[in-house]
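# Observations on chain architecture
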Amino acid sequence: MILNITGEEVNVMRPPYGSFNDIVKTKANMPIILWNLDPLDWKDRNAETVAQRISEADINGIVLAHDIHKTTVEAMPDVISNLKSKGYHLVTIDNLFAGKELVNGKTYSRRQ
């Protein structure tokens, strides 16, 4: 359905709230992308707090961030600056896992 609507093929999924079960794993039939850092931006809607938390990200990790919250968007310039000053490169999921074969039904929260 996503391919029909957007013209883009989907090869990984992030389940809402990170919630899934064996039925979802089987029906989705693709790798499941989660995260290893939740800055609680949905709860603590303070740009400075969100920026501080995301800036503690680990290399090769995946950060959950919600662009529907104004404070998360406002935090991003500081986050980008802070992470780049640590030598990090911000990449997409496709780039993070480039060259690595992901397994359908397996969960990933960072590049190992």
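Computed from a predicted structure; not experimentally measured.

## A word on the side chain of serine 55
Among the secondary structure elements, serine 55 is positioned in the loop between helix H3 (47-54) and helix H4 (70-85). There is a polar contact of 2.9 Å between the side chain of serine 55 and the side chain of asparagine 82. Contacts of serine 55, omitting those with residues within four sequence positions, involve Asp78, Val79, Asn82, Leu83 and Lys86.

## Let's talk about the confidence of the model for the protein
Chain-level pLDDT for the protein is 95 on average; 100% of the residues reach the 70-or-more range. Of all the helices and strands in the protein, helix H1 (residues 2-6) carries the lowest mean pLDDT, 91, while strand S1 (residues 32-33) carries the highest, 98.

## A few points about H4
The terminal C-alpha atoms of H4, which comprises 16 residues, lie 24 Å apart, in line with the 22 Å expected from a rise of 1.5 Å per residue. By the largest-angle criterion, methionine 76 marks the main kink of H4, which is about 35°, and a proline, proline 77, follows within four residues. Along H4, the residues that are buried comprise Thr71, Thr72, Ala75, Val79 and Leu83.

## Focus on the environment of aspartate 38
By the secondary structure assignment, aspartate 38 is in the loop between S1 and H3. The exposure class of aspartate 38 is partly exposed, given its relative accessible area of 31%. The spatial distance from the C-alpha of aspartate 38 to the C-alpha of alanine 65 is 7.3 Å, given a sequence separation of 27 residues. Polar side-chain contacts of aspartate 38 include one of 2.9 Å to the backbone nitrogen of leucine 40.

## Some details on the packing of aromatic side chains
The description of an aromatic ring pair uses the distance of the two centres, along with the angle that the planes make with each other. Overall, the coordinates contain one aromatic pair when judged by the stated rule. Centre to centre, the rings of phenylalanine 97 and tyrosine 108 are 5.6 Å apart; their planes meet at 65°, and the pair counts as edge-to-face. Placement of phenylalanine 97 in the loop between helix H5 (93-96) and strand S2 (107-108) and of tyrosine 108 in strand S2 is noted, with a sequence separation of 11 residues between them. Pair check on accessibility: phenylalanine 97 and tyrosine 108 agree, each one buried.

Criteria and cut-off values
Residues numbered from 1 in each chain as written. Predicted model: local features only at pLDDT ≥ 70, side-chain atom pairs only at ≥ 80, totals over all residues. Heavy atoms only, no water. Helix = DSSP H or I, 4+ residues; strand = E, 2+ residues; numbered from the N terminus. Polar contact = N/O pair within 3.5 Å; in protein donor to acceptor, adjacent residues only side chain to side chain. Contact = heavy atoms within 4.5 Å. pLDDT = per-residue confidence, 0-100. Expected span 1.5 Å × (residues − 1). Bend = angle between axes of the 7 residues up to and from the residue. Buried < 20%, exposed > 50% of the residue type's maximum accessible area, 1.4 Å probe, protein only. Phe/Tyr/Trp six-rings, centres within 6.5 Å; stacked < 30°, edge-to-face > 60°.

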